[in-house]
Every structure is written in C-alpha cells, then in structure tokens.
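Here is how the chains run, residue by residue.
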Amino acid sequence: MPTEPLRLTNARLITGRPGAAPTADAVLITDAEGRVGYAGEAATAPASPGAREVDLGGRTLLPGFIDAHVHVKLSLPQGPFHELTTDPTYVAYETAERLRATLDAGVTTARDLAGATRGVRDALAHGLIAGPRLKIAVNALSHTGGHGDFHHFDGGHIHLHQGGAYLADTPDEARRATRDALRSGADVIKICTTGGMGSPHDTPDDEGLRVDEVRAVVDEVQRHGGRPVAAHAQGLAGIHAAILGGVTSVEHGYGIDDRALDLAAERGVFLVPTLSTVFVGIDKAAMQPYHYEKKVRWSGITRTNIAHAIERGTRIAMGTDAGVVPHGRNLLELGFLVELGMSPADAIVAGTRSAAELLGVADDLGTLEAGKLADFVVSAVDPLTDIVGLGDPANVLVVAQSGVIRKDLLGLAATTAPTTAEARPAS
Ligand SMILES: [Zn+2]
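Residues numbered from 1 in each chain as written. Predicted model: local features only at pLDDT ≥ 70, side-chain atom pairs only at ≥ 80, totals over all residues. Heavy atoms only, no water.

### Section: the sheet that holds strand β6 (residues 65–70)
An order of β6-β7-β8 is seen for the 3 strands of this open sheet, with the pairing classed as parallel. Two strands in the sheet have a free side with no partner beyond their single neighbour: β6 and β8 (133–136). The sheet shows a mean angle of 15 degrees between the axes of neighbouring strands, direction not considered. Bridge count between β6 and strand β7 (residues 107–112): 4 bridges; the pairing is parallel. Note on β7: the bridge partner recorded for D67 is A110. (Pairing = 2+ DSSP bridges. Helix = DSSP H or I, 4+ residues; strand = E, 2+ residues; numbered from the N terminus. Axes fitted to C-alpha atoms, helices over the stretch in contact; angles between N-to-C directions.)

If you want it as structure tokens, here you go:
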C-alpha cells in the first residue's frame, strides 16, 4: 500500500547528524515508499509533484526518537505484583496502551530489554497496534539468584507471563541460554553482569555473569549472524566484566570509572545511562524500603560518574528503563542528560543517530536524510533552548513513521486519515 507523499514546508530542521546546525527554513519531502526524498534548505528543494504540502509554521522538525532501553510489558509504578495478579489478556491491552503512549511521546523505535516477546514486536510491525518499531531481548540472561532470577526466597518459581529469565551459571550454560534467546526471536541479547536497585536479593555492586561467561555469550551470538549484546551493569566490577567480555552496550553504568571509560572508548562500547530510572519517582512512601535506600545512594553516584562520562565524550545512546518508571515520558531523559552536562544538540543525537547505531538500524533510521525512512517529530518548543519542554508529550505535536502520520495535534492528516489496514508501516 503506497504512502501519501508529503512536502513539509516552513520547517526548522534538526537532522540528528552530529555537529549539524539547524536549518532555519527547511523542506522535507517524503515519497510513496515512506522514505525521505529530500531534507534541507528550502531554497534548493526539488519539485515534488503529487506531494501534499503541509506548512509547519516555523516549528522544529526532528527525527523520530529511539529509546534503547524499555520494558513495555512492565509497569512497576502499578506495583510489583501487578503482572502476577492480572489476566494476561488484560496485560496485553495495557501493553498496547503503553506502546501508544510511547509513540505519542515522540519515540518511533524502541528496544525492549526483557519482557516483550515476538508477538508484541510482530503485532507492531504488521500494524495491528500503534507504537514504536520494536527490537526485543525476550528475557535476560542471569546467574541463579542474580538480577534476572525471579524466584521466591524458598526457591519456588514466580510465574511471570513471559517466563522471567534465562538462568546460566557457567560458560556452557551461557551458550545454551543464548541459543534459547535466539530461538525465541531475540534481536538483542540482554545479560546481567551486576545486581540492581529494583531486585530485593542483590545490589548494584553484586557481580553477575563473569567475563568468561560474557565472552561465551558474545561468541555464541557471532556464530548465529551477530546481534547486539546489552549488559545490565551498574556496579564497577560488573561493568568491567561486560566491557572486557565484548558487549555492545553497558546499560545503566552508574559506577563507571576512568578505566572502564577508556576500555569503552577503545572498543566502541555504548553507554546507556537510563537517568530517568535514577531520577524519576524517588518516593519513600510508594517504594519498598530496600529500593528507596538503594536509589537515594546510587543517584548521587550516578550524578558524579555519568557527568564525568559525558565530559569525556563517551558514546552515549538514550534509554529510559520505562516500565521501571512510567511509560510515555521518554524524552525527559534528554533533559537529564543536559542536566549532567551534555549539550541539547548532543542529547538529541544520543536519542536519534547514536541510538540507531546501537540498535543496528542506522542505515534506515536516526537521521533525516534522503533515502532513510521518514520517521519524524514536530515539536512545539525549540529543543535547543527548552530540552525539558520536549519531554512533555503535549509539546510533541506530530509523530510520523515511514511517512505515515501517527500523532497529529496540528490537524495535518485530518482529511486523509488512513484506515487501519493502510496504516501499516513500510518496515
Ligand atoms: Zn531495564
């Protein structure tokens, strides 16, 4: 089904390319395949016969954002037992609502780092529900008793609808668990090399998968065509194990030091600092005491270490850990990055181009350039002077995927709203 070609005029264009200044008077042309035909100065824009012209009134046009760390099946703000006490079909509808909220916040692509299965990803890809394009880890690899192990204290299994974790305690078991993940359709392998804040049995300083186990995972993935390997790693020892073992990204990374930053720079490892999960929702009354105490302590550590990583120019991709914090406020993360010293322009790159590189989708997504998929956002505020404002979904006026307008507070698509069947994304 062809997409209606558009000619967006009178736009202030931020392409997502590192170091590129915004173009004050820009035009974006999209084609019938949902790709960008032209993005740049109005003065040099080619003709676009048949394209519907839309005047953006000088508003800022940005690439669709990419959240590299979400859990769409999870909503911890609803309480830790919500999923256990709720019918799975009802949870599926809740998931659909969260996906819609994530899209409306300006996120057109996301990476689920445990919880979502291929059914969620494929329902999105086939246009059955609206939401970001999704890459999935399915479940996380964890040691017995580690961050991803959902068992009662007496050893009884907590039955989560999605299984919980792939448990592995040796390099051979790590290989088998990786094969489990691949069989389940994982686009990315999630491993836990430390404990965490939300888990009752361990802390960020507890170590998870050891370096030989991480290497086994990375090697096994390479033997099956390669995929990114993402490490939940908060304390320093586990961060080192993850990087030395060959992961693609360190998720959280709160305890990161100079040696780890050196190693990450040498090896091209991304840091996804998920500041939202540290700074949003610290509420003594609403949290388990162990969770509250860990969060207060680690928010100070994070502020110091991530600010230092930003100062050193570490390769950072945006991720929020939405699910641990509320869904649909993803772009608040950009404001937290700026609070710790990143420029607004660099924060936008972290949420677009860099995240696309981490997900392995940079050929199609992450910047607004000719040939790429036309995923874009129109903002009511200038994000270079009001990055916090972009974190309010009310300021995200328009969201499009592959040239199809999905959110439309400007009334652009009112006369030509596609039917559900026509609304399927191009990829
Ligand atoms: Zn997470």
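### What about the sheet that holds strand β14 (residues 270–272)?
Pairing is parallel across the open sheet formed by 6 strands, whose spatial order is β10-β9-β11-β12-β13-β14. Two strands in the sheet have a free side with no partner beyond their single neighbour: β10 (165–167) and β14. On average, each strand axis in the sheet is inclined to that of its neighbour by 30 degrees, with strand direction left out of account. Sitting on the sheet, helix α4 (residues 211–222) is in contact with β9 (140–142), β11 (189–192) and β12 (229–233), with an inclination near 175 degrees to β11. (Contact = heavy atoms within 4.5 Å.)

### Things to note about the coordination of the zinc ion
Protein-derived ligands of the zinc ion are H69 (NE2), H71 (NE2) and D321 (OD), with the metal-ligand distances lying across 2.1 to 2.3 Å. Written as a sequence motif, the donor residues of the zinc ion are H-x1-H-x249-D. Here the residue H69 occupies a position in strand β6, and D321 occupies one in the loop between α8 (289–311) and α9 (332–339), the gap between them amounting to 252 residues. Accessibility classification places H69 together with D321 in one group, the buried group. (Donors = N, O, S within 2.8 Å, 3.2 Å for Na, K, Ca; no water. Buried < 20%, exposed > 50% of the residue type's maximum accessible area, 1.4 Å probe, protein only.)

### Thoughts on the environment of G148
Tracing the backbone shows G148 in the loop between β9 and β10. Between the alpha carbons of G148 and H232 there is a distance of 9.7 Å; along the sequence they are 84 residues apart.

### Details of the packing of helix α5 (residues 236–245) against helix α6 (residues 258–267)
Between α5 and α6, the shortest axis-to-axis distance is 10 Å and the interhelical angle comes to 20 degrees. By the angle between their axes, α5 is roughly parallel relative to α6. In this structure, α5 meets α6 at a crossing whose hand is left-handed. Here I239, H240, I243 and L244 of α5 lie close against α6, whose contacting residues are R259, A260, L263, A264 and R267. Along the lines of polarity and charge, the residues of the contact of α5 with α6 split into 6 nonpolar, 1 polar and 2 charged. (Parallel < 35°, antiparallel > 145°, perpendicular 65-115°, else oblique. Left-handed = near helix turned anticlockwise from the far one by under 90°. Nonpolar A, V, L, I, M, F, W, Y, C, P; charged D, E, K, R; others polar.)

### Observations concerning the packing of α4 against α5
Contact geometry for α4 and α5: axes closest at 8 Å, N-to-C directions at 40 degrees. As for how α4 packs across α5, the hand of that crossing is right-handed. Residues V211, V214, R215 and V218 of α4 form the contact with α5, whose own contacting residues are A241, A242, L244 and G245. Its residues placed into classes, the contact of α4 with α5 shows 6 nonpolar, 1 polar and 1 charged.

### What about the domain arrangement of the protein chain?
Domain parsing of the protein chain yields domain 1 (6–64 + 367–423) and domain 2 (65–359). A C-alpha centroid distance of 29 Å is found between domain 1 and domain 2. The partner domain 2 presents 26 residues to the 27 residues of domain 1 that form the contact. With both chains or domains summed, domain 1 and domain 2 bury close to 2,000 Å², and 65% of this area falls on carbon and sulfur atoms. The largest share of the area that domain 1 buries against domain 2 comes from G64, I387 and Q401, three residues that together contribute 25% of it. Our count for the domain 1 to domain 2 interface comes out at 1 salt bridge. Among the salt bridges present, the one from R133 reaches D375, with a minimum N-O distance of 2.4 Å. Taken together, the links from domain 1 to domain 2 amount to 8 residue pairs in polar contact (both at pLDDT 80 or more). Breaking the side of domain 1 that touches domain 2 down by element, the ones donating at least two residues are β5 (60–63), α12 (387–390), β16 (396–401) and β17 (404–408). With 4 residues, β16 is the single largest residue contributor to the side of domain 1 that touches domain 2. (Domains from an automatic or database assignment. Buried area = accessible area lost by both parts, 1.4 Å probe. Salt bridge = Lys/Arg side-chain N within 4 Å of Asp/Glu carboxyl O. Polar contact = N/O pair within 3.5 Å; in protein donor to acceptor, adjacent residues only side chain to side chain.)

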